[in-house]
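Residues per chain, in single letters:
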Amino acid sequence: MSSPHMGGTEENFVKEAFTTNWIAPLGPNVNGFENDLELFLGRGSHVAALSSGTAGLHLGLVLLGVRAGDEVICQSMTFSATANPISYIGAVPVFVDSEVDTWNMSPVLLEEAIKDRISKGKKPKAIVPVHLYGMPAKMPEINEVARKYGIPVLEDAAEALGSSIHGQRCGTLADISVLSFNGNKIITTSGGGALVSANESVVKDARFLATQARDEAPHYQHSRIGYNYRMSNLCAGVGRGQMQVLADRIAKRREIYGKYHTLLSGRKGIAFCNEPAGYFSNRWLSTILIDPALAGVSREDLRLALEKENIESRPLWKPMHMQPVFDGSPFFGDGTSERLFANGLCLPSGSNMTDEEMARVFEVINSVIK
Ligand SMILES: *Cc1c(COP(=O)(O)O)cnc(C)c1O
C-alpha cells in the first residue's frame, strides 16, 4: 500500500558514515538531516531528530509538562501511536471526534470537550490534533480554541510532511510538532521521527531528554528522568538522501490521488476528502468513502476483491474511542469518525507504484464499482 522508495543517494550518506566510523547515535548526518528539515519547514523551525514519531509525541507531552493523572485531548480518528504516549505518562486521553471536511479534529467538539472537562475541575493539559493521510487539520480554528483556554497544542504531523495551510507547512502549526520517518511514510529513515518547535530552548530540552538527560559533568550526573530517543547517524544518512527527493515524492503521491479521483469521481456513492481553500495535502495515502446504499457495494467488497488479486488496501484508522484498550476514556463525538471507519478505504498509494501496477488496481476497482 505504501512501501519505502529510495532515491539513490541514500547509500552515499550511509557509506560516508561507515568510512568515517560514525556508526553511533548522533554524528554529521544527524546534524545534516536536522538542517535539511529546518530549511524545508521554514518559519524559524528547530528540529531534534529522534528514533521514532512515537518517541517525539512522548517527549512533546513531557516538555509540555503533562504528568500522571492529567487529561490530554486527543483526536479519536488516528493511529494508536498518537494516543499511546499519553498513557505512557499515566495521563488520561480525552477523545474528540472529526469534522467532515478534513476528517480531523472538530474545533467545535474540541471546545465542547474543554468546557465539559473544565466544569468537572479537570482542565486539559494539552491538545493533540492529527493530519490524517496528509490532509491538514483545521489548525487555525483549533489553535484559536486552544489560545482561548490557554492550552498548548502538540501537532501530530507524522503523515503530513510537505502538507500546508496557506503556505505554512504542517510541522510548524503548533507549539510543538512531531514528524515520522517510518518505512511506510512519505519519506523514511527506515525508522525515525523528529520533534519540531520554533522555540529553540524546547528543542534543546528535547535533545537533552532524548540522550538520557545527562547533566553537564565529567561523571554521569542526572537530575531528570531521561530517554534513549535520539536518531542514529546511519538512519539520518538515509534521511538526508530522502530529503533530496521529497518534492518528487509529494508530486507523485498527488498524481496517484488525481488518477483515482479522475477514475472514480462521478460514480454513485463514492466520495473523496477534498482540499479546503488554501489547504495543500501531500496525499500520503489516497482514500475513498463508499456509501453502500448508493454504490451498491461496500468498502469490504472492494477491499476483499483487491486482496484476492494480492493487492493491499486497508480500512481507515479505527477510532481510538472504539478501541478496547481505551475503553472508558471520555469521548466527545457526533458519529463522524464511526461513519468514516465504516465506509472508508486506503488505496495503494506508494510513490514507487508502476503504471502496470496502477492499471491492475484500476481493473479490480472497475470490476467492483460500476
Ligand atoms: C506513523 C504515525 C505515528 C508514529 O510514528 P512512528 O515513527 O512509527 O513511531 C504517529 N502518528 C501517526 C498519525 C502516524 O501515522
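Treat the numbers as computed from the prediction; the structure is a model and nothing was measured. (Residues numbered from 1 in each chain as written. Predicted model: local features only at pLDDT ≥ 70, side-chain atom pairs only at ≥ 80, totals over all residues. Heavy atoms only, no water.)

What follows concerns the overall build of the protein chain. In terms of regular secondary structure, the protein chain is built from 13 helices and 15 strands. The C-alpha radius of gyration of the protein chain comes to 21 Å, within 12% of the 21 Å expected for a compact globule of 370 residues. A burial count over the protein chain gives 54% of its 370 residues as buried. Put simply, 72% of the contacts in the protein chain that link residues at least 6 apart link residues at least 24 apart. Entry remark: accessible area of the protein chain is about 15,500 Å², with carbon and sulfur atoms responsible for 51%. Charged side chains of the protein chain number 36 positive and 40 negative; the gap between the two group centres comes to 1 Å. (Helix = DSSP H or I, 4+ residues; strand = E, 2+ residues; numbered from the N terminus. Rg over C-alpha atoms; globule rule 2.2 N^0.38 Å. Buried < 20%, exposed > 50% of the residue type's maximum accessible area, 1.4 Å probe, protein only. Contact = heavy atoms within 4.5 Å. Areas by Shrake-Rupley, 256 points an atom, 1.4 Å probe, with all protein chains shown as cover. Lys, Arg positive; Asp, Glu negative; His and termini not counted. Charge placed at Lys NZ, Arg CZ, Asp CG, Glu CD.)

Right, let's talk about the site of the ligand for a bit. The ligand sits among 16 residues. The nearest are T54, D156, E159, S180 and K185. One of the backbone N or O atoms of G53 is found 2.7 Å from an oxygen atom in the ligand. Within the side chain of N182, a nitrogen or oxygen atom sits 3.0 Å from an oxygen atom of the ligand. The protein chains hide 94% of the 380 Å² of surface that the ligand would expose on its own. Breaking the shell around the ligand down by element, the ones donating at least two residues are α3 (53-63) and α4 (80-88). A per-element tally of the shell around the ligand places α3 first, with three residues. Residues of the shell around the ligand, tallied by class, amount to five nonpolar, eight polar and three charged. (Near = heavy atom within 4 Å. Polar contact = N/O pair within 3.5 Å; in protein donor to acceptor, adjacent residues only side chain to side chain. Nonpolar A, V, L, I, M, F, W, Y, C, P; charged D, E, K, R; others polar.)

Here we come to the environment of Q244. By secondary structure assignment, the location of Q244 is in the loop between α8 (233-243) and α9 (246-264). Measuring from C-alpha to C-alpha, the distance between Q244 and E10 comes to 9.2 Å, with 234 residues separating the pair along the chain. When sequence neighbours within four positions are dropped, the list of residues in contact with Q244 reads T9 and F13.

A word on the domain arrangement of the protein chain. Per the domain assignment, the segments of the protein chain are domain 1 (10-245) and domain 2 (247-368). When each unit is reduced to the centre of its C-alpha atoms, the spacing between domain 1 and domain 2 is 25 Å. Residue-level contacts link 49 residues of domain 1 with 40 residues of domain 2. Buried surface at the junction of domain 1 and domain 2, both sides included, amounts to about 3,700 Å², of which 65% is carbon and sulfur. The three residues of domain 1 that bury the most area against domain 2 are W103, Y133 and I186, which together make up 23% of that side's buried surface. (Domains from an automatic or database assignment. Buried area = accessible area lost by both parts, 1.4 Å probe.)

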